[in-house]
Amino acid sequence: QVQLVESGGGLVQPGGSLRLSCAASGSGFSLYAMGWYRQAPGKQRELVATITSEYNINYADSAKGRFTISRDNAKNTVYLQMSRLKPEDTAVYYCKASRDGTFLTMAANYWGHGTQVTVSS
């Protein structure tokens, strides 16, 4: 069982920066692929960035060049550094932990409750 708590959201002006954190409780954090997703009002939840247990990273096109995902396994935390923010980045940002199934464990997905990011002047 993994519990995820996002933090760092808030109100920021266009062009500004924000760093989101996702703190995980439970065991085996280093084995999980972590991701950031976001959902704007009236829209579907969408992928922002992922980082695997082997530190492979992928970004949505909207995030490339502006956002950086990282993880600190010693702190059981994944981060999303957001720069040059735009109004269209406004959304609730969710943290996700994913574990592939093995012969010993079942695959699992865990979600945080989200943190609001509002980009507005």
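All figures in this text were calculated on a predicted structure; none of them were measured in a lab.

Caption draft 1: Broad picture of the nonpolar core. Ranked by size, the top nonpolar core spans 30 residues in total, and within it Leu 4, Met 34, Trp 36, Leu 80 and Tyr 93 carry the most contacts. Of all the secondary-structure elements, those providing two or more residues to this core are strand S3 (18-25), strand S4 (33-39), strand S5 (46-51), strand S7 (67-72), strand S8 (77-82), strand S9 (91-99), strand S10 (108-111) and strand S11 (115-119). Not counting residues up to four positions away in its chain, the partners in contact with Met 34 are Leu 4, Cys 22, Phe 29, Ala 49, Thr 50, Ile 51, Ile 69, Arg 71, Val 78, Cys 95, Lys 96 and Ala 97.

Caption draft 2: Molecular detail of unusual backbone geometry. If you check the backbone angles, Tyr 55 has positive phi at about 70° while not being a glycine. For Asn 76, which is not a glycine, the phi torsion comes out positive at approximately 55°. Here Asn 76 shows up in the loop between S7 and S8. Judged by its relative accessible area of 21%, Asn 76 is partly exposed.

Caption draft 3: Structural detail: the sheet that holds S7. In spatial order, the strands read S1-S3-S8-S7; together these 4 strands make up an open sheet with antiparallel pairing. Taken across any chain shown, the strands that pair with only one partner, and hence form the sheet edges, are strand S1 (3-7) and S7. Averaged over all adjacent pairs, the angle separating strand axes in this sheet is 15°, with direction ignored.

Caption draft 4: Representation of the pattern of salt bridges within the structure. Under the defined criterion, the tally for this structure stands at 4 salt bridges. The closest approach of N and O atoms between Arg 38 and Glu 46, which form a salt bridge, is 2.7 Å. In this structure Arg 38 comes out as buried when scored by relative accessible area, which is 6%. Between Lys 64 and Asp 61 there is a salt bridge, with the nearest N and O atoms lying 3.3 Å from each other. Residues participating in the shared-partner salt-bridge network are Arg 38, Glu 46, Arg 66 and Asp 89.

Caption draft 5: Geometry of the packing of aromatic side chains. Counting across every chain of the model gives 2 aromatic pairs. Here Tyr 37 and Trp 111 contribute two aromatic rings whose centre-to-centre distance is 5.0 Å and whose plane-to-plane angle is 65°, an arrangement assigned as edge-to-face. Of this pair, Tyr 37 sits in strand S4 while Trp 111 sits in strand S10, and the two are 74 residues apart along the sequence. On the accessibility criterion, Tyr 37 (16% relative accessible area) is buried. Its relative accessible area of 35% is what places Trp 111 among the partly exposed residues. Of note, Arg 45 hangs over the ring of Trp 111, and the distance from its end group to the ring centre comes to 4.7 Å.

Rules used throughout
- Throughout, a residue's number is its position along its own chain's written sequence, starting from 1.
- Owing to the predicted nature of the model, reporting of local features is limited to residues with pLDDT of at least 70; listing and counting of side-chain atom pairs is limited to 80 or more, with chain, interface and lining totals taken over all residues.
- Only heavy atoms go into the side-chain values, all of them from the structure, while hydrogens and water stay out.
- The set of buried Ala, Val, Leu, Ile, Met, Phe, Trp, Tyr and Cys residues whose side-chain atoms join them within 4.5 Å is what this entry labels a nonpolar core.
- For every residue, the accessible area (1.4 Å probe, protein chains only) is compared with the maximum for its type, and the residue is labelled buried under 20%, exposed over 50%, or partly exposed between those bounds.
- Helix and strand labels come from DSSP, where a helix needs a run of H or I of at least four residues and a strand needs a run of E of at least two; each type is numbered from the N terminus.
- Any two residues whose heavy atoms approach within 4.5 Å at even a single point are treated as in contact.
- When DSSP locates at least two bridges between a pair of strands, those strands are taken to pair.
- Only C-alpha atoms enter the line fits that serve as axes; for helices the fit covers just the stretch in contact. Angles between N-to-C directions range over 0 to 180 degrees.
- Salt bridges, as used here, are contacts in which a Lys or Arg side-chain nitrogen is within 4 Å of a carboxyl oxygen on Asp or Glu.
- The rule is short: rings of Phe, Tyr and Trp, with Trp giving its six-membered ring, pair when the centres are within 6.5 Å, and they are stacked under 30 degrees, edge-to-face over 60, tilted in between.
- Two thresholds decide whether a charge sits over a ring: the Lys NZ or Arg CZ must be within 6 Å of the ring centre and within 35 degrees of the ring normal.

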